Amino acid sequence: MNNQDLKHLKEIFVVTAAQMRDVESRVFAAGMPIPALMEKVGRLICDRLLSMTLKGSRVGILAGPGHNGGDALVVGRELHFRGYNVWIYQPFGQLKELTNQHFHYAQSLGIPCFSQLAELPDCDFLIDGLFGFGLEREITGNIAEAINHLNLWNKPIFSIDLPSGIHTDTGAVLGTAICASHTFCLGLWKQGLLQEQAIKYAGKTELVDFDIPLADIQAVLGEVPTIKRITQSLVINTLPLPLSPILHKYKSGHLLLICGSKRYAGGAILTGLGARGSGIGMLSIAVPESIKPLLVSHLPEALIIGCPETNNGAISHLQLPGETTLNSFTVIACGPGLTTEVTPIVEQVMKSEVPLILDADALNILAQLGTITSLKNRHQPTILTPHGGEFHRLFPEIDITNRVKGVQTAASQTGAIVLLKGARTAIANEQGVTWVNSESTPALARGGSGDVLTGLMGGILGQVVNRQVNMEDVVATAVWWHSQAGILAAKERTELGVDAFTLTQYLNRVLAQIQTDEISKWVELNIR
Ligand SMILES: NC(=O)C1=CN([C@@H]2O[C@H](COP(=O)(O)OP(=O)(O)OC[C@H]3O[C@@H](n4cnc5c(N)ncnc54)[C@H](O)[C@@H]3O)[C@@H](O)[C@H]2O)[C@@H](O)CC1
Ligand SMILES: [K+]
């Protein structure tokens, strides 16, 4: 594996504090000296800082008692030698030996050190090395006060490994926490940084790779890790590209969307446009008869199936054309805009023998039915895509403070692939294999964005279902594609300019943006 591929692979792994300790112990046991690693890490961070456009030359180093503090002191020393005015705030009576050595050396160089925050001069930016993955209890007393005070300074704070105060695994705030503008996560992604509660503390996050051997990572996390961060390199082989040169439209999947009502016609349009963005070969959309003309005008390429409707304009029962049955389709996605009147339809699709995505109102109906564990009887995969509220209705007993654990429990109870939407969408399968999406944008927190995701996911699934792919990878691919479209749209139009319709117009642009070398890689891997 070349260096670039290895770097990509490392972006996928996610560790807890205990796992990181195990990985490090292996590296140290193999002979890497601890001081040498600290030096290396400190210099990597320093180089990264110098490559950024930093405003001002006055730097405050916040040094804690452990090796996180040691890392910060190395960074401070290096910035001092590069002409920055460095000041150190170090309020602890006792330091770990190595950290203590760096502290004394910094003092010997004449770098001013302070134990009281009030003495620390005004700085242009701060380096936070108070606590890393060794934080084990609530921060209290003068340290907590100092952190709260520093957060009010409104200066850029660069946190090393984690914002001090954030729990490495759960992302919870232990007492109080540094509000970083940027976090340099060291070596491997810490699980806490992928939890929603940490988002507002971590700022912009990036991984600083310090060359941990893959063998040591895999010895602790397994060859295929249980928790994966969704990255471009993880999803690239699941995208429906390249198309086979001898493709026939019926070989490219036939997706059935069951969605919409007189009241929520827009939901059906957006789901259809999301599916269109996936490039699906054949698209059928079952809607109430009265909104059929509307759907035809927006999606002329789709086969719109007008169904009999209730007095309120919801589908009363499915009326598929001719000999067609639910099992004639490659995939079914059901839910957006249906209203909660359509219980028999949800019961009917659950009996189908094809992969099934249940979203929105289909989930609410499933919650009302109280038969969620019956999903285990399905012979084909089921994908549930709730947001927080829908998840709570479906699984009232499952706590989602730790969202990773929450989806894992839900998936194991139902046998379904469960996708919990949010700023850090998490996906798990029955075996507990979990994906977390760490690149997204608040621009997607907008009505209709979920409908687009459902259509897109159905469309991808329809095209790749006959390939040797894991269903869960397809779900992760849809989430990645959807959020990248949101990011791209927000970049060009601001976060306020990403309405759900606009989002659908950016789906294809995400693919077009992927580098040419990636496309040639697909060709190599996917020629069928
Ligand atoms: N050995 C090395 O050179 C490397 C060090 N790294 C750095 O080392 C860090 C982990 O180092 P440590 O294990 O020393 O842990 P930390 O530096 O995160 O902090 C642990 C220290 O803080 C104390 N502490 C914990 N909770 C406290 C609380 N609430 N209030 C007051 N004191 C508290 C502990 O007693 C201990 O002394 C990583 O986060 C990273 O920054 C690695 O990432 C890279 C390799
Ligand atoms: K830190």
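What counts and what doesn't
Residues numbered from 1 in each chain as written. Chains lettered and ligands numbered in written order. Predicted model: local features only at pLDDT ≥ 70, side-chain atom pairs only at ≥ 80, totals over all residues. Heavy atoms only, no water. Axes fitted to C-alpha atoms, helices over the stretch in contact; angles between N-to-C directions. Helix = DSSP H or I, 4+ residues; strand = E, 2+ residues; numbered from the N terminus. Parallel < 35°, antiparallel > 145°, perpendicular 65-115°, else oblique. Left-handed = near helix turned anticlockwise from the far one by under 90°. Contact = heavy atoms within 4.5 Å. Salt bridge = Lys/Arg side-chain N within 4 Å of Asp/Glu carboxyl O. Buried < 20%, exposed > 50% of the residue type's maximum accessible area, 1.4 Å probe, protein only. Domains from an automatic or database assignment. Buried area = accessible area lost by both parts, 1.4 Å probe. Polar contact = N/O pair within 3.5 Å; in protein donor to acceptor, adjacent residues only side chain to side chain. Nonpolar A, V, L, I, M, F, W, Y, C, P; charged D, E, K, R; others polar. pLDDT = per-residue confidence, 0-100. Donors = N, O, S within 2.8 Å, 3.2 Å for Na, K, Ca; no water. Tetrahedral: all angles 85-135°; square planar, octahedral: opposite > 155°, others 65-115°. Core = buried A, V, L, I, M, F, W, Y, C linked by side-chain atoms within 4.5 Å. Pairing = 2+ DSSP bridges. UniProt positions renumbered as here; feature names shortened; annotations may be inferred. Near = heavy atom within 4 Å. Areas by Shrake-Rupley, 256 points an atom, 1.4 Å probe, with all protein chains shown as cover.

**Student:** What should I look at first to understand the packing of helix 2 (residues 17-29) against helix 8 (residues 214-221) in this one?
**Tutor:** Helix-helix packing is described using two parameters, namely the angle between the two axes and the distance between the axes. At a closest axis distance of 9 Å, the pairing of helix 2 and helix 8 adopts a crossing angle of 140 degrees. When the axis of helix 2 is compared with that of helix 8, the two are oblique. The element helix 2 and its partner helix 8 pack so that their crossing is right-handed. On helix 8, the residues that touch Gln19, Asp22, Val23, Arg26 and Val27 of helix 2 are Asp216, Ile217, Ala219, Val220 and Leu221.

**Student:** In this structure, what is going on with the pattern of salt bridges? I would like to understand it.
**Tutor:** When the charged atoms of two side chains with opposite charge come close together, those side chains can pair. Under the definition given, this model contains 18 salt bridges. Salt-bridge contacts for Asp161 lead to Lys190; the nearest nitrogen and oxygen are separated by 2.8 Å. Taken together, the residues Asp161 in the loop between strand 6 (157-160) and strand 7 (182-186) and Lys190 in strand 8 (residues 189-190) connect sequence positions 29 residues apart. The residues Asp161 and Lys190 share a single accessibility class, namely buried.

**Student:** Explanation requested: the domain arrangement of the protein in the structure shown.
**Tutor:** Note on interface size: it is often stated as the accessible area lost on association of the parts. By domain assignment, the protein separates into domain 1 (1-221) and domain 2 (231-517). For domain 1 versus domain 2, the separation of C-alpha centres amounts to 40 Å. Here domain 1 and domain 2 share an interface that buries about 990 Å² over both sides, 59% of which is from carbon and sulfur atoms. Of all residues in domain 1, Ile12, Leu194 and Glu196 give up the largest surface area on contact with domain 2, accounting jointly for 48% of the area buried on that side. Counting the contacts that link domain 1 with domain 2 gives 1 salt bridge. Taking the shortest distance from any N to any O, the salt bridge between Arg403 and Glu196 comes out at 3.5 Å. For the interface between domain 1 and domain 2, the tally reads 6 residue pairs in polar contact (both at pLDDT 80 or more). A breakdown of the residues in the side of domain 1 that touches domain 2 according to their chemical character gives 4 nonpolar, 5 polar and 2 charged.

**Student:** I'm lost on the side chain of Thr330 in this one. Help?
**Tutor:** With respect to the element layout, Thr330 can be found in the loop between strand 13 (303-307) and strand 14 (331-334). Here the side chain of Thr330 touches His254 through a polar contact of 2.6 Å, landing on its backbone nitrogen. With sequence-adjacent residues up to four places away left out, Thr330 is seen in contact with Gly253, His254, Val354, Pro355, Gly462 and Val465.

**Student:** Honestly, the confidence of the model for the protein in this entry has me stumped. Any pointers?
**Tutor:** In low-pLDDT segments, the atomic positions of the prediction should not be examined closely. Summary statistics for the protein give a mean pLDDT of 93 and a share of 96% for residues scoring 70 or more. Overall fold confidence (pTM) sits at 0.90, and the ipTM for the predicted complex is 0.96.

**Student:** Would you mind showing me how to read the side chain of Asn68 here?
**Tutor:** Relative to the helices and strands, Asn68 resides in helix 4 (residues 67-81). At 3.0 Å, the side chain of Asn68 and the backbone oxygen of Ile160 are in polar contact. Ignoring any residue separated from it by four or fewer positions in sequence, one finds Asn68 in contact with Asp128, Gly129, Leu130, Phe131, Gly132, Ile160, Asp161 and Ser164.

**Student:** Is there a simple way to think about the coordination of the potassium ion (ligand 2) in this case?
**Tutor:** Four donors placed tetrahedrally about a metal ideally form angles of 109.5 degrees, and six donors placed octahedrally ideally form angles of 90 or 180 degrees. Protein ligation of the potassium ion (ligand 2) involves Asn68 (OD1), Asp128 (O), Phe131 (O), Ile160 (O), Leu162 (O) and Ser164 (OG), the donor distances falling in the range 2.6 to 3.0 Å. Taken together, the 6 donor atoms surrounding the potassium ion (ligand 2) define angles of 68 to 172 degrees at the centre, an arrangement classified as irregular.

**Student:** Just to check I follow, could you spell out the nonpolar core for this structure?
**Tutor:** Across soluble globular proteins, you tend to see nonpolar side chains buried next to one another. Counting residues in hydrophobic clusters, the biggest one holds 73 residues, and the most contacted among them are Leu49, Ile88 and Ile127. Leu49 has contacts with Leu54, Val75, Leu79, Ile127, Phe158 and Phe184, leaving out every residue within four places of it along the chain. By size, the runner-up hydrophobic cluster in this structure holds 62 residues, among which are Leu257, Ala478, Trp480 and Leu488.

**Student:** Would you mind showing me how to read the sheet that holds strand 3 (residues 85-89) here?
**Tutor:** Pairing between the strands of a sheet is mediated by backbone hydrogen bonds and can be parallel or antiparallel. An order of 4-3-2-5-6-7-9 is seen for the 7 strands of this open sheet, with the pairing classed as parallel. On the outer flanks of this sheet lie strand 4 (113-114) and strand 9 (204-208), each paired with one strand and no other. For strand 7 and strand 9, the ladder comprises 5 bridges, and the chain directions are parallel. Along strand 9, the bridge assignment pairs His182 with Lys204.

**Student:** Which parts of the structure should I look at to understand the sheet that holds strand 19 (residues 434-436)?
**Tutor:** Across the sheet, 10 strands lie side by side as 10-19-18-17-16-15-14-11-12-13; this open sheet has mixed pairing. Each having just a single partner strand, strand 10 (227-229) and strand 13 make up the two edges of the open sheet. Here the average twist between neighbouring strands, direction ignored, is 15 degrees. Inspection of the sheet shows strand 11 (residues 254-258) paired to strand 12 (residues 282-288) by 5 bridges, in the parallel sense. Following the sheet pairing, Leu255 is matched in strand 12 by Leu283. Running over the sheet, helix 13 (residues 360-369) touches strand 14, strand 15 (356-358) and strand 16 (382-384) and is turned about 85 degrees from strand 15.

**Student:** Sorry, what's going on with the pairing of strand 7 here?
**Tutor:** The side chains of a regular strand alternate between both faces of the sheet. Counting buried positions over the 5 residues of strand 7 gives 5, a clear majority of the element. Of the two faces of strand 7, the one lined by His182, Phe184 and Leu186 and the one lined by Thr183 and Cys185 are each fully buried. Relative to strand 7, strand 6 is paired through 3 bridges, and the arrangement is parallel. By the bridge assignment, Ser159 is partnered in strand 7 with Thr183.

**Student:** Any chance you could explain the UniProt feature "binding site: AMP" (unreviewed entry) in the protein here in plain terms?
**Tutor:** Residues given the UniProt feature "binding site: AMP" (unreviewed entry) here are Lys421, Gly422, Ala423, Arg424, Thr425 and Gly450. The greatest C-alpha distance among the residues just named is 14.0 Å, despite their covering 30 residues of sequence, which places them together in space. Locating Lys421 in the fold gives a position in the loop between strand 17 (417-420) and strand 18 (426-428). Taking the relative accessible area as the measure of exposure, Lys421 reaches 16% and is therefore buried. Setting aside chain neighbours within four positions, we find Lys421 in contact with Asp359, Thr385, Pro386, His387, Gly388, Arg403, Gly450 and Leu453. Looking at Lys421, its side chain comes within polar contact range of the main-chain oxygen of Thr385, at 3.3 Å. Residue position: Arg424 is located in the loop between strand 17 and strand 18.

**Student:** Explanation requested: the site of ligand 1 in the structure shown.
**Tutor:** Near ligand 1, the surroundings consist of 25 residues, among which His67, Asn68, Lys96, Gly132 and Asp161 are the closest. Take Asp71: an N or O atom from its side chain is 2.8 Å from an oxygen atom of ligand 1. For ligand 1, an oxygen atom lies 2.7 Å from a polar atom in the side chain of Asp161. About the coverage of ligand 1: the protein hides 90% of its 870 Å² of free accessible area.

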